[in-house]
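# Coordinate analysis (summary)
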Amino acid sequence: MSTEENPAAAPRSLAEALRGRDDVSLAALLRSRPDLITPVPTDLTQLATRAGTRASVVRALERLDRFSLQTAQALAVASDPATYDELLGLLAGDDGDPAVSAALPRTLAALREQALVWGGDDRLRLVRTARELLAPSPQHPSPTGLGPTVREATAGMSPGRIQEIVTTAGLPSTHDSVSAVADLTALFNDPARMSALLDEAPAESVEVLERLVWGPPYGQVTADPAPRLRWLLDRGLLLPTAPGTVVLPREVALRLRAGRAHRTPEPVPPPVEAAATHRPQVVDATAAGQAYTALATVEELLKEWHEGGPAVLRAGGLSVRDLKRTAAALDVTEPVAAFWVELAYAAGLVASDGEADERYAATPAYDEWREQPPAERWARLATAWLAATRTAGLVGGRDAKDHTLSALGPGLDRSAAPEVRHRVLTLLAALPEGAAPAGESILARLAWERPPRAGGRGPVAAGDADDPRARLARWALTEAEMLGVTGRGALSTHGRALIGAPAPRRAEAEPEPEGPGDKLPVHHRPTPPPAPLSPAEQATAAAAAARLLAPLLPEPLDHVLLQADLTAVAPGPLERPLADMLGVLADVESKGGATVYRFTPGSVRRALDAGQTAADLHAFLAAHSRTPVPQPLTYLIDDVARRHGHLRVGAASAYVRCDDDAVLSEILADKRAAALGLRRLAPTVLAAQADPAGLLEGLRAMGFAPAAESAQGDVVIARAHAHRTPPRTPPEPVPDGPPVPDDTLLTAAIRAIRAGDLASTAPRKPASGDSSGRQGELPRTTAAETLATMQAAVLTGEALWIGYVNAEGAASQRVIAPVRVEGGFVTAYDHTADEVRTYPLHRITGVAELADEES
C-alpha cells in the first residue's frame, strides 16, 4: 500500500524513510554517497543524521546534474512538504512541458535514492540542510531568481501597513495580520484575480515588474518613491525589506513567470555534436602515428636526462630555465614539454635521485619499459595518464599563495582530473565511429552533468574560465590527441578499448521512440555516466588496447640510406641497437616521418672515444646501409681515425705526449694554448697546468683529436654514464573523496547497519534500577542484576538489550541471546553483529528485557 493510500504510513523523518528501504536501495544510497559509509554508521538513525550534515549534503549537491539541481532548487522554494503536482508546476510551468513531465519521475527517484528528498508524492520533503543551502536569502540569492514569500517579507511589517495593502489590493480588511497575509498570498496565487489586478497596473509599473521577475528580485527606492513604484508598493506587489530596498514577493514572480521556477528548465542533456567525420582507418592510423611520436618523445626526454637531469628546486619541481631547456631539446613548446615530463613522472619512469645535490633522473623502471614492445609501452603511458591527478596544464600558473606552479612540483594535483578525462573519452565513444566532436558541445554536456558553481552556489556559463572542469576537459582533449588516444579529434579503436567502451556505433538513422518518455534519440537521454574502471579492469583494457595498436605501429627498420652529403636518412623507426649506435656516430639534424642524421668530425670522434675503431665503423655502415657507403664518409672516418689518439693526455697535473715533436711545437706556438699553461718536458712530452679533462677540451677546440690515456699508458674509452635513481614508485593519485565501496563492503555495511538499528529500535522493558527506560540511552543495572538477568535468559532463550563499553572506551548498544554464562563472561548470539560472541560481564553497563511486540 502506498503512502498516498495510507497517510498514516508516511515516514515522519528521513530515518524512518531509510528504515522502509530494502537492501538494494540502501546499497544504491551508499554507492552514490560513499562518504556516508566512512566509517560505517551504527544504525539507520546515525546514517540519516550523517546524510543531513552540511559537508555531505554539499558534496551530494555538487554531483547532481543540472535538471536534478533545478528540481532540488524548485523544492527549496516550494511549500514544505510539497506535492508532486506542485513540484511539476514549478518546473513545467502552467502550460506544461512534456520533456519536464517525462524526466521528472526519474530525477525525483534519483534524489530519493541519494536521500536528498524523502516522503511520498503527496508529502515531498527536501533534506533540511539542502533547503537551507538552496532557499533564497538576501545574502545568497537562489539561482531561480526568486525572493522571499509574502509571509517572510511581511514578517517585520506593522499590522496597520499590512491592512492598508490588503485594502488597496481590493481585499476585505481582517482582524489580524496572519489572516491578512494569507488573503494576500491567496490573491497572488490565483491566476484569474492576479491577471485582473495587473490589468489595472500602469505600463511603467509593469515594466518595473518585468525587470525584477527573473531576478535578482531586489531593487532600490528613495524615501519618496515614484508613482509607478508607489502603485506597486500600495498593493503589495513590491514589499519593503530594509530602508531603501524592496523585493518582488515569490508568489508574484511565479504568477508573472507562468508558474515556472526557472527561466529555462533543462530536463535533457545537450547532445554532443560531431564537427567532422573521418574514415575509421584514417583515425586509427593518425592516432597510431601520434602514439609512436609519444613513445619517441618520452625516450628522447629520458635520453636527454640520461646522465642526470635538471636539479630539483628547493620547493620541488623544475626551474623555468630547465623547462625551457627541455622544451628546446624536444623541439616543442614549454606547455607541451611540461606534459611529457609529467607523463613520464606519472608512469614512474622519472623521479628525483634523493642525493644531496638532488637531480631528476630515469628510474630503473625506465630500463624495463624500454625493453617492452612499443604497444605495451604506449599502454603504460596511456593508463598512467588516465589515472593521474597531476595536471600539466596548470604549470606556469599561480597557486593560492601566488607562487608559480612548476613542472614536477607541488600543487598540480586536481582530484577531478581522472573522472573528467574518463568522461570526455566516454562521450567521444558515444559518437558514431570516426566522428570528431565540437569542443563546445563537449563542454556544454559536462556543464549539464556537473553544473559549475559561482562562489559555491550559483551556476556559471559552460566553458567559463572559472569552471575548473571545463579547463580539465580542454586539456584532456588536447592531451588525448598528443598521446594517440584520439586521431583527428575522434576516438581511435585502441582508445575505445583503453576505457572499456562497447563496440562503436555506426552513423545511421535512429529508431523511432516507442515509450512515452522516449522523446529523444537514445544518445540524448540523461543516462548516468559510467564509473571509471577498477584497477583489474583497467589492466585488462590496457592489454586489449595494446593488442589493437600493435599492428598499426611501424615495424622497426634495420637499415638507413647513406647520402653523399654526409647524411643518413632513416625512413622509419630503427631497431634499438642500430638507433643507439647511430646516435653516437652521427648527430640528429631533423625529425619527422624520416629522421636525418649528419656525420661530422666531432660525431665520428665521439664514436672512436666510445671504443670503436675505423674498421668497426666501416663494417657497421656497410652492414646497415641500403645504399653504397659514400666516399666522402669513408674519407671522413679514416681522417678522424688517423688523427685520433695521435696525441696522448695524462695526469701531471696533465701532460701531452706525441711521437711527432713537430706537432707539439705547433701546439706551443698556437696562441690559443696559452690558457693551458704548456711547457716542453722532452721533445715528445708537454706538461700542462690544466687538468686532463680541461686539456682534452682545449686541444679539441684547437682542432686536434687527442685521446685520454690511463696511468698504464692505455687509451681510456669514454662511455656515457647512465645515471639512475633508486627504485621509485609512481606518484599516487589524490582521491576525489572516499572511494566507491565494492559489493562485499556494501553487503557487510548494510548488515551491520540493520543489526545496529535492530538494537537501537527494539522495544524493551525498563530494567529494575533504570528509572528512565528512554529510547537510545544505555541501560544501567547493578552487576548482580545483570548476572541474574543473563542467567535467566539462558534458561528461557530470550533476547536481551545490553549496553557495552569496549576496551577503547566506546559505548554501544546491542541485542543478544545469551547461550552460556560462566567465569565472568557471557557467550551469546549477537543480533547486531550476526554472529556468536563472548563479552566480559564487567564491560556490560546494564541489561533490559525486550518488550513483547504488539500484533
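Since the model is a prediction, treat every value here as computed from it, not as a measurement.

### Focus: the overall build of the chain
Tallying secondary structure elements over the chain gives 33 helices and 27 strands in all. Sorting the 855 residues of the chain into buried and exposed places 45% on the buried side. In the chain, the share of contacts with a sequence separation of at least 24, taken over all contacts with a separation of at least 6, comes to 65%. For the chain, the exposed area adds up to about 41,100 Å²; of that, 54% sits on carbon and sulfur atoms.

### With respect to the sheet that holds strand β4 (residues 239-242)
Adjacent strands of a sheet pair through backbone hydrogen bonds, lying either parallel or antiparallel. Spatially, the three strands line up as an open sheet ordered β3-β5-β4, and their pairing is antiparallel. Each of the sheet's edge strands pairs with one partner strand only, and the pair in question is β3 (218-220) and β4. Looking at each pair of strands side by side, their axes are set apart by 40 degrees on average, direction ignored. Relative to strand β5 (residues 245-247), β4 runs antiparallel, the two being bridged by three bridges. Looking across to β5, one finds that Ala242 is bridged to Thr245.

### Some remarks on the packing of helix α5 (residues 66-77) against helix α7 (residues 98-113)
Their axes nearest at 10 Å, the elements α5 and α7 cross at an angle of 80 degrees. As the angle between them shows, α5 and α7 are arranged roughly perpendicular. Contacts from Phe67, Ser68, Thr71 and Ala72 in α5 reach Val100, Ala103, Leu104, Thr107 and Leu111 in α7.

### Quick look at the pattern of salt bridges
Under the criterion given, the structure shown has 32 salt bridges. Ionic pairing is found between Asp234 and Arg161, a salt bridge with its closest N-O pair at 3.6 Å. Here the residue Asp234 occupies a position in helix α14 (residues 227-234), and Arg161 occupies one in helix α10 (residues 159-168), the gap between them amounting to 73 residues. One salt-bridge network, in which partners are shared between bridges, spans Arg161, Glu164, Arg230 and Asp234.

### Points about the packing of helix α26 (residues 576-585) against helix α28 (residues 614-624)
Remark: α26 packs on α28, axes separated minimally by 12 Å, with the N-to-C direction vectors making an angle of 130 degrees. Accordingly, the angle class assigned to the pair α26 and α28 is oblique. Crossing hand, α26 versus α28: left-handed. Note on element contacts: α28 touches α26 through Leu617, Phe620, Leu621 and His624, opposite Leu578, Met581, Leu582 and Leu585.

### Quick notes on the sheet that holds strand β17 (residues 595-598)
Taken together, the four strands give an open sheet; going across it, the order is β14-β15-β17-β16, and neighbouring strands pair in antiparallel fashion. The two strands at the open ends of the sheet, each matched to only one other strand, are β14 (561-563) and β16 (587-590). Between one strand axis and the next, the sheet turns by 30 degrees as a mean value, whatever way the strands run.

### Considerations on helix α12 (residues 191-199)
Residues Met194, Leu197 and Leu198 constitute the buried set of α12. All buried residues of α12 project into a common sector of 95 degrees when viewed along the axis, lining one side. In this structure, α12 carries Ala192 and Asp199 as exposed residues pointing more than 90 degrees from its buried face. Turning to α12, the residues buried within the fold contact α11 (177-189), α13 (203-212), α14 and α15 (250-256). One side-chain oxygen of the residue at the start of α12 lies 3.1 Å from the amide nitrogen of Ala192, identifying that residue as Asp190.

### Overview of the pairing of strand β21 (residues 685-688)
Judged from the four bridges that link them, strand β19 (residues 654-657) and β21 form a sheet pairing that is antiparallel. For Arg657, the partnering residue across the bridge sits in β21 and is Val685. Relative to β21, strand β20 (residues 679-682) runs antiparallel, the two being bridged by three bridges. Bridged to Arg680 within β21 is Leu686. Between β20 and β21, which pair antiparallel in sequence order, lie two residues.

### Points about the nonpolar core
Residues Phe188, Leu237 and Leu238 are the most contacted members of the largest nonpolar core, which totals 88 residues. Counting residues per element, this core draws most heavily on α5, at seven residues. Ignoring anything within four residues of it in the chain, the contact list for Phe188 reads Val150, Met194, Leu197, Arg235, Gly236, Leu237, Glu251, Val252 and Arg255. Within the second largest apolar cluster, 71 residues are counted, among which are Tyr366, Ala375, Ala417 and Ile442.

### What about the pairing of strand β27 (residues 844-849)?
Along β27, five of the six residues are buried, which leaves the element largely enclosed by surrounding structure. Sheet topology places strand β23 (residues 800-805) next to β27; five bridges connect them, and they run antiparallel. Bridged to Leu800 within β27 is Glu849.

### Observations concerning unusual backbone geometry
The peptide bond linking Thr38 to Pro39 adopts the cis configuration, its omega dihedral lying at -5 degrees. The residue Pro39 is located in the loop between α2 (23-32) and α3 (44-51) in this model. Of note, the bond from Asp80 into Pro81 is cis; its omega dihedral lies within 30 degrees of zero at 0 degrees. Positioned with a positive phi, Asp331 is a non-glycine residue whose angle comes to about 60 degrees. The class for Asp331 is exposed, based on a relative accessible area of 67%. One non-glycine residue, Asp402, adopts positive backbone phi at about 65 degrees. With respect to the element layout, Asp402 can be found in the loop between α20 (374-387) and α21 (417-429).

### Here's the deal with the packing of aromatic side chains
Aromatic ring pairs are described here by two measures, namely the spacing of the ring centres and the angle between the planes. Taken as a whole, this structure holds four aromatic pairs when the rule is applied. Taken together, a centroid distance of 4.8 Å and an interplanar angle of 65 degrees make the contact between Tyr804 and Tyr839 edge-to-face. Of this pair, Tyr804 sits in strand β23 while Tyr839 sits in strand β26 (residues 835-840); the two residues are 35 residues apart in sequence, bridging distant segments of the chain. Residue class for Tyr839 comes out buried when judged on its relative accessible area of 3%. The ring of Trp369 has Arg377 lying over it, and the distance from NZ or CZ to the ring centre is 5.3 Å.

### Digging into the side chain of Arg50
Locating Arg50 in the fold gives a position in helix α3. For Arg50, which is buried and forms no salt bridge, the nearest opposite charge comes from Asp35, at a distance of 7.3 Å. Apart from the residues within four sequence positions on either side, Arg50 is in contact with Asp35, Leu36, Ile37, Thr38, Pro39, Val40, Pro41 and Ser56.

### Looking at the environment of Ala186
Relative to the helices and strands, Ala186 is located in helix α11. Since its relative accessible area comes to 37%, Ala186 is described here as partly exposed.

### Re the confidence of the model for the chain
On average, residues of the chain score 85 in pLDDT, and 89% of them reach the 70 mark or higher. Note on residues 454-463: pLDDT under 50 across the span, and 25 contacts to partners over four residues away in sequence or across chains. With pLDDT under 50 throughout, residues 769-774 is counted as low confidence; its partners more than four residues away or in other chains account for six contacts.

### Focus on α28
For α28, every residue scored as buried is listed here: Ala614, Leu617, Phe620 and Leu621. Taken end-on, α28 shows its buried residues confined to a sector of 125 degrees, consistent with a single buried face. In α28, those exposed residues whose orientation departs by more than 90 degrees from the buried face are Ala615, Ala622 and Ala623.

### Details of the environment of Ile844
Along the chain, Ile844 falls in strand β27. Given a relative accessible area of 8%, Ile844 falls into the buried group. Taking the C-alpha atoms as reference points, Ile844 and Asn806, separated by 38 residues in sequence, lie 9.0 Å from one another. Beyond its immediate sequence surroundings of up to four residues, Ile844 is in contact with Thr786, Met790, Ile802, Gly803, Tyr804, Val826 and Tyr839.

### A few points about the side chain of Thr185
Here Thr185 is to be found in helix α11. Leave out the neighbours within four places in its chain, and Thr185 touches Val150 and Glu251.

Rules used in this analysis
- Residues numbered from 1 in each chain as written.
- Predicted model: local features only at pLDDT ≥ 70, side-chain atom pairs only at ≥ 80, totals over all residues.
- Heavy atoms only, no water.
- Helix = DSSP H or I, 4+ residues; strand = E, 2+ residues; numbered from the N terminus.
- Buried < 20%, exposed > 50% of the residue type's maximum accessible area, 1.4 Å probe, protein only.
- Contact = heavy atoms within 4.5 Å.
- Areas by Shrake-Rupley, 256 points an atom, 1.4 Å probe, with all protein chains shown as cover.
- Pairing = 2+ DSSP bridges.
- Axes fitted to C-alpha atoms, helices over the stretch in contact; angles between N-to-C directions.
- Parallel < 35°, antiparallel > 145°, perpendicular 65-115°, else oblique.
- Salt bridge = Lys/Arg side-chain N within 4 Å of Asp/Glu carboxyl O.
- Left-handed = near helix turned anticlockwise from the far one by under 90°.
- Arc of directions from axis to C-beta.
- Polar contact = N/O pair within 3.5 Å; in protein donor to acceptor, adjacent residues only side chain to side chain.
- Core = buried A, V, L, I, M, F, W, Y, C linked by side-chain atoms within 4.5 Å.
- Phe/Tyr/Trp six-rings, centres within 6.5 Å; stacked < 30°, edge-to-face > 60°.
- Lys NZ or Arg CZ within 6 Å of the ring centre and 35° of its normal.
- Lys, Arg positive; Asp, Glu negative; His and termini not counted.
- pLDDT = per-residue confidence, 0-100.

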